[in-house]
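Chain by chain, the residues run as shown.
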Amino acid sequence: GKRIVVTGSSSGIGLETARFLSEQGAEVLGVDMTKNFDYVEEFYRADLSDPRTIDVLLDVLPNDIDGLVNNAGVPPTKDANILLRVNLIGLKRLTYGLIPKLADGASIVNVASLAGHDWPNSVDAIKAADDLDFGNLDAFIARWKVSSEGGRSYFFAKEALIAWTLRNRWTWRNRGIRMNSVSPGPVDTPILGDFLQTLGARAEEDRKIMDRPGTPQDIAPVIAFLLSDMTTWIRGTNIPTDGGMHSNILCSMH
Ligand code: NAI
């Protein structure tokens, strides 16, 4: 089986992804703050908001990794500084750092969000975020108005993640390494309540439109599909997995 690293493997979408992949015969290396599962072959405790911890993790992870699922994330109720660390710059540090340990043909899957759908309207801030690092976060948050107010930091992190995925469609093509993202709509996990709290009336509207919330079981197979050898021609793309909400937004705009 393939050797796959799954971050945020102790809860929600990451937990179900770890379970699903190991059921399919993969060797799953789980990464999270706390251990809470039976599905992973090996567990690495790491705080992915901390660059030093990420570097230690990069040292201890084995070679010949066939897949990386960047799933760990915090909800919009968190402070913008920690949110951007976990949901964006920590994720990028882990990914760039892991490239030498990835096998040729490896697949990277980022768990973005429906919340990132409007990334074309944030390109200036997204380009500026190329230079974003752990040292200059607070200045960036002030300059580009990506505080936690109204959940903006969450939206921005997901917008930047989708744009980063698209831009890196061919970065590692010489080694057959590809990167894609999956963008879930509202999924029934422990952080769904945090989204509803931040988004207020808008979340209520969404709920009226939808027939049901998503479940981790709706998302994990899509991640697994992108990790598989059936999808080597899918590169640098974002796959909305949201019961139709992304299309509903596009159709109501035009
Ligand atoms: P969850 O809260 O159930 O799971 C997230 C996992 O990430 C937890 O196990 C948590 O411990 C881990 N994590 C958080 N901060 C970490 C850190 N600093 N270091 C290491 N691990 C850390 O949440 P859920 O819903 O499964 O979310 C997974 C991903 O899906 C996130 O990136 C989230 O933004 C995204 N997503 C979730 C949606 C939803 O409605 N639940 C919708 C769209 C995207």
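Preceding block: the structure.
All of the points below concern the structure found in this document. (Residues numbered from 1 in each chain as written. Predicted model: local features only at pLDDT ≥ 70, side-chain atom pairs only at ≥ 80, totals over all residues. Heavy atoms only, no water.)

**What to know about the sheet that holds strand 1 (residues 3–7)**
Thinking step 1. Read across the open sheet, the seven strands follow the order 3-2-1-4-5-6-7; overall the sheet is parallel. Two strands in the sheet have a free side with no partner beyond their single neighbour: strand 3 (42–45) and strand 7 (238–241). Direction aside, the axes of adjacent strands within the sheet are offset by 20 degrees on average.
Thinking step 2. Where helix 3 (residues 80–98) meets the sheet, its contacts fall on strand 1, strand 4 (65–70) and strand 5 (102–111), and the angle it forms with strand 4 comes to roughly 175 degrees.
Thinking step 3. The strands touched by helix 6 (residues 152–167) are strand 5, strand 6 (178–184) and strand 7; relative to strand 6, the strand with the most contacts, the crossing angle is about 150 degrees. (Pairing = 2+ DSSP bridges. Helix = DSSP H or I, 4+ residues; strand = E, 2+ residues; numbered from the N terminus. Axes fitted to C-alpha atoms, helices over the stretch in contact; angles between N-to-C directions. Contact = heavy atoms within 4.5 Å.)

**Looking at the packing of aromatic side chains**
Thinking step 1. A complete count under the given rule lists five aromatic pairs for this structure.
Thinking step 2. Judged by centre distance (5.6 Å) and plane angle (85 degrees), the rings of Tyr-96 and Trp-164 are edge-to-face. Of the two residues, Tyr-96 is situated in helix 3 and Trp-164 in helix 6; the sequence distance between them amounts to 68 residues.
Thinking step 3. Classification of Trp-164 by relative accessible area gives buried; the value is 3%.
Thinking step 4. Aromatic side chains Phe-140 and Phe-156 sit 5.7 Å apart centroid to centroid with 40 degrees between the ring planes, which places their arrangement in the tilted category. Highlighted residues: Phe-140 in helix 5 (residues 137–143) and Phe-156 in helix 6, separated in sequence by 16 residues. (Phe/Tyr/Trp six-rings, centres within 6.5 Å; stacked < 30°, edge-to-face > 60°. Buried < 20%, exposed > 50% of the residue type's maximum accessible area, 1.4 Å probe, protein only.)

**Some thoughts on the environment of Ala-106**
Thinking step 1. Tracing the backbone through its elements, the reader meets Ala-106 in strand 5.
Thinking step 2. Excluding its chain neighbours within four sequence positions, the residues that come into contact with Ala-106 are Ile-65, Asp-66, Gly-176, Ile-177 and Arg-178.

**Overview of the site of the ligand**
Thinking step 1. Close contacts around the ligand come from 30 residues, with Ser-11, Asp-32, Tyr-154, Val-187 and Thr-189 the closest.
Thinking step 2. In the model, an oxygen atom of the ligand is placed 2.7 Å from a nitrogen or oxygen of the Val-187 main chain.
Thinking step 3. Between the ligand and Thr-189, the relevant distance is 2.5 Å, taken from an oxygen atom to a side-chain nitrogen or oxygen of the residue.
Thinking step 4. Out of a free accessible area of 830 Å², the ligand has 92% covered by protein chains.
Thinking step 5. If you list the elements that add at least two residues to the shell around the ligand, you get helix 1 (12–23), helix 6 and helix 7 (192–199).
Thinking step 6. Residues belonging to the shell around the ligand are distributed by class as follows: 17 nonpolar, ten polar and three charged. (Near = heavy atom within 4 Å. Polar contact = N/O pair within 3.5 Å; in protein donor to acceptor, adjacent residues only side chain to side chain. Areas by Shrake-Rupley, 256 points an atom, 1.4 Å probe, with all protein chains shown as cover. Nonpolar A, V, L, I, M, F, W, Y, C, P; charged D, E, K, R; others polar.)

**Regarding the environment of Ser-153**
Thinking step 1. Take Ser-153: it is sitting in helix 6.
Thinking step 2. Residue classification places Ser-153 among the buried positions, given a relative accessible area of 0%.
Thinking step 3. Taking the C-alpha atoms as reference points, Ser-153 and Gly-200, 47 residues apart in sequence, are found 16 Å from one another.
Thinking step 4. The residues contacting Ser-153, other than those within four sequence positions of it, are Ala-80, Leu-83, Leu-84, Val-146, Ser-147 and Ser-148.

**Regarding the pattern of salt bridges**
Thinking step 1. Scanning the model with the defined rule gives twelve salt bridges in all.
Thinking step 2. A salt bridge links Asp-229 to Lys-2; the shortest N-O distance between them is 2.9 Å. Remark: Lys-2 occurs in the segment before strand 1 and Asp-229 occurs in the loop between helix 9 (216–227) and strand 7; sequence separation between them is 227 residues.
Thinking step 3. The class for Asp-229 is exposed, based on a relative accessible area of 54%.
Thinking step 4. One salt bridge in this structure joins Glu-159 and Arg-152, with 3.0 Å as the shortest N-O distance.
Thinking step 5. According to the relative accessible area criterion, Glu-159 is buried, its value standing at 3%.
Thinking step 6. Accessibility expressed as a relative area gives 25% for Arg-152, which makes it partly exposed.
Thinking step 7. Through salt bridges that share partners, Glu-16, Arg-19 and Glu-23 make up one connected network. (Salt bridge = Lys/Arg side-chain N within 4 Å of Asp/Glu carboxyl O.)

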